[in-house]
Amino acid sequence: MLSINGERFLGHLHALGRIGVDAEGRRTRQAATDEDRLGRETVIGWMKEAGLRVELDRVGNIYGFWETEENAGRAPFAMGSHIDTVIDAGQYDGCAGVLSGLEVIQTMKEAGLRPARPLALVVFTNEEGTRLHPDMVGSLTIAGGISVEDALASPGTDGTTLGAELARIHALGDREPTDFRPAYFIELHIEQGPVLDAEQTPIGAVTSIQGISWHEITIDGAANHAGTTPTSMRRDAGLAAAKVLVFLRERCTRPGSRTVATAGRMAFSPNAVNVIPGRAVFTVDMRCPDEQELQENEQALYDFLASLEQSDHVSATARRMVRFQPVVFDGTIVQTVLDAAAARDLKARPIASGAGQDAQMISRVCPTAMIFVPSVGGVSHSPKEFTADGDLVNGANVLLDAACRLANA
Ligand code: GLV
Ligand code: MN
Ligand code: MN
């Protein structure tokens, strides 16, 4: 049975993981930053070393193609993920998928295989969306869910735009994103949740991804003196923001609720110890596998914001940043992953993804699924993110087997 070169794969992964680590040891390689540029150039170098033809598209997605004379021009079997990170990130999120895909192609080439289809590896631009919104924008552009112009106009939390920043780091190419139409797509990813680790199951065959709703909420009250303003006369935007958080937690803990909600970014102004907050701006990330429940919770949030105007004498507005519906993956590809795991005597189970994924977008253009490998303790978007080397190698071997099957399908 053909197997990947685990040492080379893990060597690449850990080398990429060292890029963007600051003096305090925090790994932050947000999309379209100088750190991202270094990561991108490093991975492009490895793709070229592996003999792939590298192309960039108009939103900075990176493609590596392996074609033979016989299969050139056919729709490829594609793999890929992202290498941008959140703030103070782990080293596995996204990178494991990109570098396992590279390893699979290298292994197939070295074994002298002549697959019926070309193989493609994609590094999608700005999956994380922590700096520039929306997230998953590279894969969304490929899927035709946003125009190139709108993608490039994605606003940043620091006053930048994606297009200006990608141009600055020389990451833009000529390919039309919507020209990428693979026959099949598989993304390997760490689970980022606790299920596989808790069940000691090395492989998850991902069946679905929950819907995602992001809003930026702005609450305006009145800044005033913290000592002299009687409680009854306050229009406290900070208090109103806190009420929104409590409201969301109550919604999420209602019997039968499948929604999770997070306010991950919040800013008060003027942000001073002795001033009542005049303004609070914060984000709400809501996710649910059920589209109708997600819609009901969005409406409940809007209604609650409207009610604050009465109860707290503030004004509150919600600006939608991101909205993606839940996705169900292709049953045949999911089964291919389960079969590949079984053939290697690896315990596997179907599993749902709690995180957003580029595969969620690519599933709009071709049969798609994902392979999950365990995250110890279910920790991710944290420097404590960890997946054992053996689990990564197992996942990459399952990806290899699925690739061999689907590249000949
Ligand atoms: C991406 O990692 C997300 O799910 O937010
Ligand atoms: Mn990811
Ligand atoms: Mn992530």
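Residues numbered from 1 in each chain as written. Chains lettered and ligands numbered in written order. Predicted model: local features only at pLDDT ≥ 70, side-chain atom pairs only at ≥ 80, totals over all residues. Heavy atoms only, no water.

### A short note on the overall build of the protein chain
A tally of helices and strands in the protein chain yields 12 helices and 14 strands. At 23 Å, the protein chain has a C-alpha radius of gyration in line with the 22 Å of a compact globule built from 409 residues. Each of the three principal axes of the protein chain carries a C-alpha extent, and together these read 80 × 45 × 40 Å. Looking at the protein chain residue by residue over its 409 residues, the buried ones come to 57%. In the protein chain, the share of contacts with a sequence separation of at least 24, taken over all contacts with a separation of at least 6, comes to 79%. Of the accessible surface of the protein chain, which amounts to about 16300 Å², a share of 50% is contributed by carbon and sulfur atoms. (Helix = DSSP H or I, 4+ residues; strand = E, 2+ residues; numbered from the N terminus. Rg over C-alpha atoms; globule rule 2.2 N^0.38 Å. Buried < 20%, exposed > 50% of the residue type's maximum accessible area, 1.4 Å probe, protein only. Contact = heavy atoms within 4.5 Å. Areas by Shrake-Rupley, 256 points an atom, 1.4 Å probe, with all protein chains shown as cover.)

### Things to note about empty space enclosed by the protein
Enumeration over the complete set of coordinates arrives at 2 cavities of 30 Å³ or more. Approximately 40 Å³ is the volume attributed to the largest cavity. In this structure, the largest cavity is lined by D84, T85, V86, A89, G90, D93, E128, H381 and E385. Here the lining of the largest cavity is composed, by residue class, of 2 nonpolar, 3 polar and 4 charged. Its residues placed into classes, the lining of the second largest cavity shows 3 nonpolar, 2 polar and 3 charged. (1 Å grid on protein atoms, 1.4 Å probe; cavity = no way out; pocket = protein on both sides within 12 Å on 5 of 7 lines; lining within 4 Å. Points joined across faces, edges and corners; volume = space filled by probe spheres on them. Nonpolar A, V, L, I, M, F, W, Y, C, P; charged D, E, K, R; others polar.)

### Some points on the site of ligand 1
The environment of ligand 1 is made up of E127, E128, R287, A355, G356 and H381. For ligand 1, whose unbound accessible area comes to 190 Å², protein coverage reaches 95%. In this structure, ligand 1 is accommodated by the largest pocket. Taken together, the residues of the shell around ligand 1 break down into 1 nonpolar, 2 polar and 3 charged. (Near = heavy atom within 4 Å. Sits in = over half its atoms within 2 Å of the grid points.)

### Description of the coordination of the manganese ion (ligand 3)
Only D93 (OD), E128 (OE), E128 (OE) and H381 (NE2) from the protein reach the manganese ion (ligand 3) as donors, at distances of 2.1 to 2.5 Å. Counting the intervening residues between successive donors of the manganese ion (ligand 3) yields the motif D-x34-E-x252-H. (Donors = N, O, S within 2.8 Å, 3.2 Å for Na, K, Ca; no water.)

### With respect to the packing of helix 1 (residues 6-17) against helix 12 (residues 389-406)
Two elements in contact, helix 1 and helix 12, have axes whose closest approach is 10 Å; the angle formed by their N-to-C orientations is 115°. Classified by the angle between their axes, helix 1 and helix 12 sit roughly perpendicular to one another. Here helix 1 runs over helix 12; the crossing is right-handed. Side by side, helix 1 and helix 12 meet where G6, F9, L10, L13 and H14 of the first sit next to D389, L392, V393 and A396 of the second. (Axes fitted to C-alpha atoms, helices over the stretch in contact; angles between N-to-C directions. Parallel < 35°, antiparallel > 145°, perpendicular 65-115°, else oblique. Left-handed = near helix turned anticlockwise from the far one by under 90°.)

### Side note on the coordination of the manganese ion (ligand 2)
At 2.0 to 2.3 Å from the manganese ion (ligand 2) lie its protein donor atoms, namely H82 (NE2), D93 (OD) and H189 (NE2). The sequence pattern describing where the donors of the manganese ion (ligand 2) fall on their chain is H-x10-D-x95-H. Here the manganese ion (ligand 2) and the manganese ion (ligand 3) are spaced 3.5 Å apart, linked through D93, which binds each one. In this pair, D93 sits in the loop between strand 3 (77-81) and helix 3 (95-110) while H189 sits in strand 5 (residues 184-190), placing the two residues 96 residues apart along the sequence. H189 matches D93 in its accessibility class, with the two residues each being buried.

### Side note on the layout of surface pockets
Its boundaries defined by the atoms lining it, the largest pocket holds a volume of some 1000 Å³. In terms of lining residues, the largest pocket is bounded by 40 residues, among which V86, W214, D285, R287 and H381 are the most central. When contributions to the lining of the largest pocket are tallied by element, the ones reaching two or more residues are strand 8 (260-262), strand 10 (279-288) and strand 13 (348-353). Across the lining of the largest pocket, the residue classes tally to 11 nonpolar, 18 polar and 11 charged.

### With respect to the pairing of strand 1 (residues 53-56)
Pairing of strand 1 with strand 2 (residues 62-66), which is carried by 4 bridges, proceeds in the antiparallel orientation. Residue pairing for strand 2: V54 is matched across the bridge by G64. The hairpin formed by strand 1 and strand 2 contains 5 residues between the paired strands, and G60 there has a positive phi angle of roughly 85°. (Pairing = 2+ DSSP bridges.)

### Notes on helix 10 (residues 331-343)
Every α-helix carries 3.6 residues per turn, so stepping three or four residues along brings you back to the same face. End to end, helix 10 covers 18 Å across 13 residues, agreeing with the expected 18 Å (1.5 Å per residue, within 8%). Buried residues of helix 10: I333, V334, T336, V337, L338, A340 and A341, and no others. Contacts from the buried residues of helix 10 go to strand 5, strand 6 (203-209), strand 13, strand 14 (368-373) and helix 12. Measuring from the side-chain oxygen of the N-cap residue of helix 10 to the backbone nitrogen of T332 gives 3.0 Å; that N-cap residue is D330. Just past helix 10, the residue D345 takes up positive phi, approximately 60°. (Expected span 1.5 Å × (residues − 1). Polar contact = N/O pair within 3.5 Å; in protein donor to acceptor, adjacent residues only side chain to side chain.)

### Some thoughts on unusual backbone geometry
Residue P134 is reached from H133 by a cis peptide bond, and omega for that bond is 10°. Within the secondary structure, P134 sits in the loop between strand 4 (119-123) and helix 4 (137-142). Omega for the peptide link from S269 to P270 comes to 5°, which places this bond in the cis form. Along the chain, P270 turns up in the loop between strand 9 (266-269) and strand 10. Unlike most non-glycine residues, D88 shows phi in positive territory, near 55°. Turning to its location among the elements, D88 is positioned in the loop between strand 3 and helix 3.

### A word on the pattern of salt bridges
For side chains bearing opposite charge, pairing can occur when the charged atoms are close. Here the structure, examined in full by the defined rule, presents 25 salt bridges. R8 is the partner of E110 in a salt bridge, and the nearest nitrogen-oxygen pair spans 2.7 Å. Placement of E110 in helix 3 and of R8 in helix 1 is noted, with a sequence separation of 102 residues between them. With a relative accessible area of 57%, E110 lands in the exposed category. For E165, the salt bridge goes to R131, with nearest N and O atoms at 2.6 Å. Here the residue E165 occupies a position in helix 6 (residues 162-168), and R131 occupies one in the loop between strand 4 and helix 4, the gap between them amounting to 34 residues. Shared partners join several salt bridges into a network, and the residues in it are D34, R131, D158, E165 and R168. (Salt bridge = Lys/Arg side-chain N within 4 Å of Asp/Glu carboxyl O.)

Nothing here speaks to function; it is all geometry.
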